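# Observations on chain architecture
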Amino acid sequence: MAFKEGIDLDSIAYFNERFVPLREATINIMTHAFQYGTGIFEGIRSYWNENEKQMYIFRMKEHYERLSNNAKLLRLELNKSIDELCQLTLELMKKNNPTCDMYIRPNLYKSGIIVGPSLINKNGSNPTGLSICTMPMGEYVDISKGLHVCVSSWTRVEDNAIPARGKIQGSYVNTAFAKTDALLNGFDDSIVLSRDGHVSEGSAMNLFIIRNGKLITTQVADNILEGITRDTIIELAKKELNLETEIRQVDRTELYICDEVFFCGTGAQVSPVTMIDHRPIGTGKVGQLSKQLQEIYFDVVKGKNSKYKKWCAPVF
Ligand code: PMP
């Protein structure tokens, strides 16, 4: 398949326990999740390895573990094991048979055709639906150069309001506000703060800073998504660069004076940030450590580093 970014309605999706063309995977307008945002989702990447003619899905198991945990928050009933979800995804990928980098989007949602926001499943009136679709995906943000970002005037959703760790559909309105304002104001993306003014994360990615040779990332209690890429970077920094990550609160102004900043996420991968609120970070160029971690990360996700093949599930 030639690389063509975007959603192909003729591709195969998993919907209502069946494989169907994506154009047939439609929901009723009264679906609970459509009205109230009562679903959770995942974003998984798979990378095409041209040399091996193989497709590797990155940390699929961990993504489905997160989905399975988050199902508890919204009282969603996941009737499949992690292993079954992985097998289903491999089967779906095989059906679509892609030969380029892909993005996989599972959704687990309240599929009841009912009015009223309650999550309680009265007599099966608000059951759970599962859908999975795939699409070619290149860069979510431009990772070749440094990003110019702002600190958003929108604050991150609180754990006691809509928990960010939940990857809840409705909570992405918060992301949409932060991302849209950033774009309209001429920035590439944004950083959101928690309500008490500490750095939370990027609009849809986690954040690391480097200060005096120390790698630092924001803490989960500052309303971040517990990112799988964040976890990957922490492990790679330790094993490949002998660098421990400090996990702690970060102030807004610490961003301005640190040496390097980068975003990370399934979509964002490893994206260096070189300007925040019109202030150059470090030298104003992509930092050395960010670049190094980016290179290590790409080798790992593409299945080129045998030490981390455990994270790469082959499709074919
Ligand atoms: N934070 C938010 C709000 C996100 O949407 C994402 C993307 N899933 C991330 C962080 C990064 O998480 P992960 O590395 O698991 O993709």
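The rules behind these values
- Residues numbered from 1 in each chain as written.
- Predicted model: local features only at pLDDT ≥ 70, side-chain atom pairs only at ≥ 80, totals over all residues.
- Heavy atoms only, no water.
- Helix = DSSP H or I, 4+ residues; strand = E, 2+ residues; numbered from the N terminus.
- Rg over C-alpha atoms; globule rule 2.2 N^0.38 Å.
- Buried < 20%, exposed > 50% of the residue type's maximum accessible area, 1.4 Å probe, protein only.
- Contact = heavy atoms within 4.5 Å.
- Areas by Shrake-Rupley, 256 points an atom, 1.4 Å probe, with all protein chains shown as cover.
- Polar contact = N/O pair within 3.5 Å; in protein donor to acceptor, adjacent residues only side chain to side chain.
- Core = buried A, V, L, I, M, F, W, Y, C linked by side-chain atoms within 4.5 Å.
- Domains from an automatic or database assignment.
- Near = heavy atom within 4 Å.
- Axes fitted to C-alpha atoms, helices over the stretch in contact; angles between N-to-C directions.
- Parallel < 35°, antiparallel > 145°, perpendicular 65-115°, else oblique.
- Nonpolar A, V, L, I, M, F, W, Y, C, P; charged D, E, K, R; others polar.
- Buried area = accessible area lost by both parts, 1.4 Å probe.
- Salt bridge = Lys/Arg side-chain N within 4 Å of Asp/Glu carboxyl O.

Let's shift gears to the overall build of the protein chain. A tally of helices and strands in the protein chain yields 7 helices and 17 strands. Rg of the C-alpha trace for the protein chain: 20 Å, near the compact-globule value of 20 Å for 316 residues, within the 12% margin. Seen along its three principal axes, the alpha-carbon backbone of the protein chain occupies a region of about 55 × 50 × 35 Å. Burial analysis of the protein chain (316 residues in total) assigns 52% to the buried set. For the protein chain, long-range pairs separated by at least 24 residues make up 72% of all intrachain contacts whose partners lie at least 6 apart in sequence. A total of about 14500 Å² of accessible surface is found on the protein chain, and carbon and sulfur atoms cover 51% of it.

Moving on to the side chain of S11. Within the secondary structure, S11 sits in the segment before strand 1 (12–15). Overall, the relative accessible area of 10% leaves S11 in the buried class. Only 2.7 Å separates the side chain of S11 from the backbone oxygen of D8, close enough to count as a polar contact. Setting aside its immediate chain neighbours within four residues, S11 contacts V20, P21, L22, N96 and T134.

Time to look at the nonpolar core. In this structure, L255, I276 and Y297 are the most contacted members of the largest nonpolar core, which totals 45 residues. Sorting elements by how many residues they give to this core places helix 7 (residues 288–301) first, with 7 residues. Mapped onto the domain boundaries, this core takes at least three residues apiece from domain 1 (12–136) and domain 2 (147–301). Residues in contact with I276, not counting those within four places in the same chain, are V149, V151, I191, L255, Y256, V261 and I281. The next biggest cluster of nonpolar side chains, apart from the first, holds 26 residues, and it includes I40, M60, A71 and L76.

This part is about unusual backbone geometry. With phi around 55°, N242 is a residue other than glycine that occupies positive phi space. Residue N242 is classed as exposed on the basis of its relative accessible area of 71%. With a phi angle near 55°, Q269 is a residue other than glycine that sits in the positive phi range. Its location among the elements puts Q269 in strand 15 (residues 269–276).

Let us look at the site of the ligand. The immediate surroundings of the ligand are formed by 15 residues, with R66, Y172, E201, T229 and T266 found nearest. The separation between a nitrogen atom of the ligand and a polar side-chain atom of E201 is 2.7 Å. Alone, the ligand offers 380 Å² of accessible surface; in the complex the protein occludes 95% of this.

Relative orientation of the contacting elements helix 5 (residues 228–241) and helix 7 amounts to 105°, with a least axis distance of 10 Å. Classified by the interaxial angle, the pair formed by helix 5 and helix 7 is roughly perpendicular. Where helix 5 abuts helix 7, its residues T229, T232, I233, L236, A237, E240 and L241 lie against L289, Q292, L293, I296, Y297 and V300. Per-class residue counts for the contact of helix 5 with helix 7 are 9 nonpolar, 3 polar and 1 charged.

Locating N96 in the fold gives a position in helix 3 (residues 82–96). In this structure the side chain of N96 is engaged in a polar contact, spanning 3.1 Å, whose partner is the side chain of T134. Look past the residues within four positions of N96 in its chain and what remains in contact with it is S11, I12 and T134.

What follows is about the domain arrangement of the protein chain. Split into domains, the protein chain comes out as domain 1 (12–136) and domain 2 (147–301). A separation of 26 Å is found between the C-alpha centroids of domain 1 and domain 2. The partner domain 2 presents 20 residues to the 23 residues of domain 1 that form the contact. Summing both sides of the interface, domain 1 and domain 2 together bury roughly 1800 Å²; the carbon and sulfur share of this comes to 57%. Looking at the side of domain 1 facing domain 2, the largest losses of area belong to F41, F58 and R66, adding up to 33% of the total buried there. The tally of links from domain 1 across to domain 2 stands at 1 salt bridge. With a closest N to O distance of 3.0 Å, R59 and D231 form a salt bridge.

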